[in-house]
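For reference, the chains in residue letters:
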Amino acid sequence: MSFVPANEGISKLKPYQPGKPISELERELGITDIVKLASNENPLGCSDQVKQAVAAELAEIGRYPDGGGFILKDQICAQFGVTADCITLGNGSNDLLEMFARAFVSSSDSVVYSQHAFAVYALVTQAINAQAIEVPAKGFAHDLDAMAAAIQDNTKLIFIANPNNPTGTWFEEAEFEAFMQKVPASVIVVLDEAYVEYFPENFNSLKFLAQYPNIIVSRTLSKCYGLAALRVGFALASKQVTDFLNRIRQPFNVNHLAMVAAVAALKDEDFIEQSRIVNKAGMNQLEQGFQSLGLDYVASRANFILVDVQADAAQTFNALLKEGVIVRPVGIANHLRVSIGTETENAKFLSALAKVLDLASNTVEGKA
Ligand SMILES: Cc1ncc(COP(=O)(O)O)c(C=O)c1O
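Residues numbered from 1 in each chain as written. Predicted model: local features only at pLDDT ≥ 70, side-chain atom pairs only at ≥ 80, totals over all residues. Heavy atoms only, no water.

The name an unreviewed UniProt entry gives the protein is Histidinol-phosphate aminotransferase, with Acinetobacter bohemicus ANC 3994 as the organism. On record in UniProt, under Subunit (unreviewed entry), the comment for the protein is "Homodimer." Per UniProt, the protein carries the Pathway (unreviewed entry) text "Amino-acid biosynthesis; L-histidine biosynthesis; L-histidine from 5-phospho-alpha-D-ribose 1-diphosphate: step 7/9." (UniProt positions renumbered as here; feature names shortened; annotations may be inferred.)

**Q** Looking at this structure, how should I read the side chain of Arg337?
**A** Along the chain, the position of Arg337 falls in strand 13 (residues 335-339). This buried residue, Arg337, is left without a salt bridge; Glu41 holds the nearest opposite charge, at 8.6 Å. (Helix = DSSP H or I, 4+ residues; strand = E, 2+ residues; numbered from the N terminus. Buried < 20%, exposed > 50% of the residue type's maximum accessible area, 1.4 Å probe, protein only. Lys, Arg positive; Asp, Glu negative; His and termini not counted. Salt bridge = Lys/Arg side-chain N within 4 Å of Asp/Glu carboxyl O.)

**Q** Honestly, the pattern of salt bridges in this entry has me stumped. Any pointers?
**A** A side chain with one charge may pair with a side chain of the opposite charge, provided their charged atoms come close. Inspection of every chain in the model, using the stated rule, returns 13 salt bridges. Residue Asp48 is joined to Lys51 by a salt bridge in which the shortest nitrogen-to-oxygen separation is 3.5 Å. Here Asp48 pairs with Lys51, and both are found in helix 3 (residues 48-56), just three residues apart, close to one helical turn. Close ionic contact of Asp243 with Arg247 constitutes a salt bridge, the shortest N to O distance being 2.7 Å. In this pair, Asp243 and Arg247 are both assigned in helix 10 (residues 239-248), four residues apart and thus about one turn of the helix distant. Owing to a relative accessible area of 37%, Asp243 belongs among the partly exposed residues under this scheme. Here Arg247 falls in the exposed class, since its relative accessible area comes to 58%.

**Q** Honestly, the site of the ligand in this entry has me stumped. Any pointers?
**A** Lining the immediate surroundings of the ligand are Gly92, Ser93, Asn94, Phe118, Asn165, Asp192, Ala194, Tyr195, Thr220, Ser222, Lys223 and Arg231. In the environment of the ligand, an oxygen atom lies 2.7 Å from a nitrogen or oxygen atom belonging to the side chain of Arg231. (Near = heavy atom within 4 Å. Polar contact = N/O pair within 3.5 Å; in protein donor to acceptor, adjacent residues only side chain to side chain.)

**Q** Can you help me understand helix 6 (residues 119-127) in this one?
**A** Residues that lie three or four places apart on an α-helix share one face, since the helix turns once every 3.6 residues. Among the residues making up helix 6, those that are buried are Val120, Tyr121, Leu123, Val124 and Thr125. Structurally, helix 6 contributes buried residues whose contacts are with helix 5 (93-104), strand 3 (110-114), strand 4 (131-135), strand 5 (155-161) and strand 6 (188-192). At the C-terminal side of helix 6, Asn129 shows a positive phi close to 60°. (Contact = heavy atoms within 4.5 Å.)

**Q** Explain unusual backbone geometry to me, please; I cannot follow it from the model alone.
**A** Trans is the common state for peptide bonds, and a negative phi is the common state for residues other than glycine. The step from Asn162 to Pro163 runs through a cis peptide bond, and the omega angle for that step is -5°. When you line up the elements, Pro163 lands in the loop between strand 5 and helix 8 (173-182). Residue Pro166 is reached from Asn165 by a cis peptide bond, and omega for that bond is 20°. Mapped onto the fold, Pro166 is located in the loop between strand 5 and helix 8. One non-glycine residue, Arg231, lies in positive phi territory at about 65°. Its place among the elements puts Arg231 in the loop between strand 7 (215-220) and strand 8 (233-236). The phi dihedral of Asn334 falls on the positive side, at around 65°, and the residue is not glycine. Relative to the helices and strands, Asn334 is located in the loop between strand 12 (328-329) and strand 13. Owing to a relative accessible area of 33%, Asn334 belongs among the partly exposed residues under this scheme.

**Q** Help me understand empty space enclosed by the protein in this model?
**A** Over the atoms, a rolling probe the size of a water molecule traces out where space has been left empty. Tallied over the full model, the rule gives three cavities of 30 Å³ or more. Counted as a void, the largest cavity has a volume near 50 Å³. As for the largest cavity, its lining consists of Asn162, Pro163, Tyr195, Val196, Phe199, Asn202, Phe203 and Arg301. (1 Å grid on protein atoms, 1.4 Å probe; cavity = no way out; pocket = protein on both sides within 12 Å on 5 of 7 lines; lining within 4 Å. Points joined across faces, edges and corners; volume = space filled by probe spheres on them.)

Take a look at the structure:
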């Protein structure tokens, strides 16, 4: 058999490792009652209005979706005060992240992103065989000053996540303003706001978008809106940037049921509010649990938290699997990322963690 070489970037690429699905663990260990806190999904699922909207459109499955995404763009325009020619729809925001790189970066260019940033930034950069400039994090957070200083003549794009996954760290508007003033207007800055709905008071990206035509704001319906399975994301950018993105977008990249669901999800503000409340309560529960166990964690403004398990991350992850709890090793020594679940899920995780780390005597109950 003859060897067919892939492009240089792709041949060196290590594929993205998604969180382990519940069904896989059920098959492997023959156990049920599994808690998955591995992919930053909404533990409430999705809004009932989404389910009703999808059910009402099932008969449309035989038809191609509207390639222009009219109904979804219309809702985004109404909600975010933008015009349709500033919107690019994605099959999840991963689809968009790839489009950004393909549209603006060639193999002789470089892309800047932070250490401990979302894994897909490195993957899309590598896939086009561009130079990756990974800037050391400050603590666990993006070092925006160092990132601005790392820009080279051949830098075309910068990926920034606020808050960042997997660390949950964030930055304030003043820091971002200072950063943007240092970035040449010819460099695209992707502001990835996959988790922005959880702490919306933190940052007004749309204000920056109006001020800087080189910014792309990337959003997803997979997290707080609870549509991870349906794959919907959208990007907001200048008309010119949006035009380039839509030239390479697959014509039917967002399917009809996903669009209908996204419209219903965007409209259901009560569900988002409820999701925020559950997330804040769950975050407190995990923080207090870690404190009781004597474990450090990284303060987070997302729907997950990075905890220092003071032990080998892979071994702890595997031991938790045997207890029926799926979390996520993220390539940071001794740390695991845990998505915020329901109160019951969080409690199951905390007691499994205490057990596998042999810290049961540190728990509040143990001390009593
Ligand atoms: C920072 C960040 N950006 C983008 C994504 C992609 O999400 P999706 O493709 O489901 O929209 C994720 C998912 O984990 C993420 O954490």
